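Report on the structure
Spelled out from the first residue to the last, the chains are:
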Amino acid sequence: MPVERTLSIIKPDATRRNITGAIVARFEEAGLRVVAQRRTQLTLAKAQQFYAVHKERAFFDDLCSFMTSGPVVVQVLEGEDAIAKNREVMGATNPANADEGTIRHDFGESVEANSVHGSDAPETAAEEIAFFFAGTEIVG
Ligand code: CMP
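**Notes on the packing of aromatic side chains**
Pairs of aromatic rings are described using the distance from one ring centre to the other and the angle between the two planes. Applying the stated criterion across every chain, the model contains four aromatic pairs. Aromatic side chains Phe50 and Tyr51 sit 5.0 Å apart centroid to centroid with 85° between the ring planes, which places their arrangement in the edge-to-face category. Ring centres of Phe50 and Phe131 lie 5.5 Å apart, and the angle between their planes is 55°; on these two criteria the pair is classed as tilted. Here Phe131 lies in helix α7 (residues 122–132) and Phe50 lies in helix α3 (residues 44–50), a separation of 81 residues in the sequence. Three or more aromatic residues joined by ring pairs form one cluster here, namely Phe50, Tyr51, Phe131 and Phe132. When the ring centre of Phe131 is taken as reference, the NZ or CZ atom of Lys46 above it lies at 4.7 Å.

**Notes on the side chain of Asn86**
Mapped onto the secondary structure, Asn86 falls in helix α5 (residues 82–90). In contact with Asn86, other than residues within four places in its own chain, are Thr6, Leu7, Phe27, Leu32, Leu77 and Gly118.

**So, the nonpolar core**
Membership of the largest hydrophobic core comes to 21 residues, with the highest contact counts inside it found for Leu7, Ile9, Met67, Val76, Phe132, Phe133 and Ile138. Among the elements that make up this core, the one with the highest residue count is helix α4 (residues 60–67) (five residues). Those residues within four positions of Ile9 in sequence are excluded, and the remaining contacts are Phe50, Met67, Val72, Val73, Val74, Ser115, Val116, His117 and Phe132. Grouped together as the second largest cluster of nonpolar side chains are 15 residues, Ile10, Ile19, Val24 and Phe27 included.

About the thresholds
- Residues numbered from 1 in each chain as written.
- Predicted model: local features only at pLDDT ≥ 70, side-chain atom pairs only at ≥ 80, totals over all residues.
- Heavy atoms only, no water.
- Phe/Tyr/Trp six-rings, centres within 6.5 Å; stacked < 30°, edge-to-face > 60°.
- Helix = DSSP H or I, 4+ residues; strand = E, 2+ residues; numbered from the N terminus.
- Lys NZ or Arg CZ within 6 Å of the ring centre and 35° of its normal.
- Contact = heavy atoms within 4.5 Å.
- Core = buried A, V, L, I, M, F, W, Y, C linked by side-chain atoms within 4.5 Å.
- Buried < 20%, exposed > 50% of the residue type's maximum accessible area, 1.4 Å probe, protein only.

Okay, structure coming up:
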């Protein structure tokens, strides 16, 4: 299996509840390594740019407002099959549909406040990683 990198965001609902360590533990238990990490406050412009693919969706404004409601932790996760593995560990977007034992099932509050974001494909992973990190900040 190829070693991949994927972009992960621990969202404001999780930083607010001080459960970032519990979430990182889930990634590490699944064999993913944190090779870059920064806690940051997104501006509205940055959130809108990051989620631009969703700009026509009814939830776009609420999503951007939520993502700027508190700090986030942006991370690069590395490991074998990291993109799919991260999505497996996160669970379905809506915590109500997520399998038991997944991050969103165990920690998510709603489809919006679902604790984590993860890239969905190799192309988006590369774009999303470059959106937040310079190559020199990623140390595997
Ligand atoms: P994320 O993986 O960060 O990508 C887009 C986000 O939009 C998604 O997780 C959800 O948190 C959020 N969102 C809010 N409402 C909806 C919705 N109705 N359908 C899908 N995603 C939604």
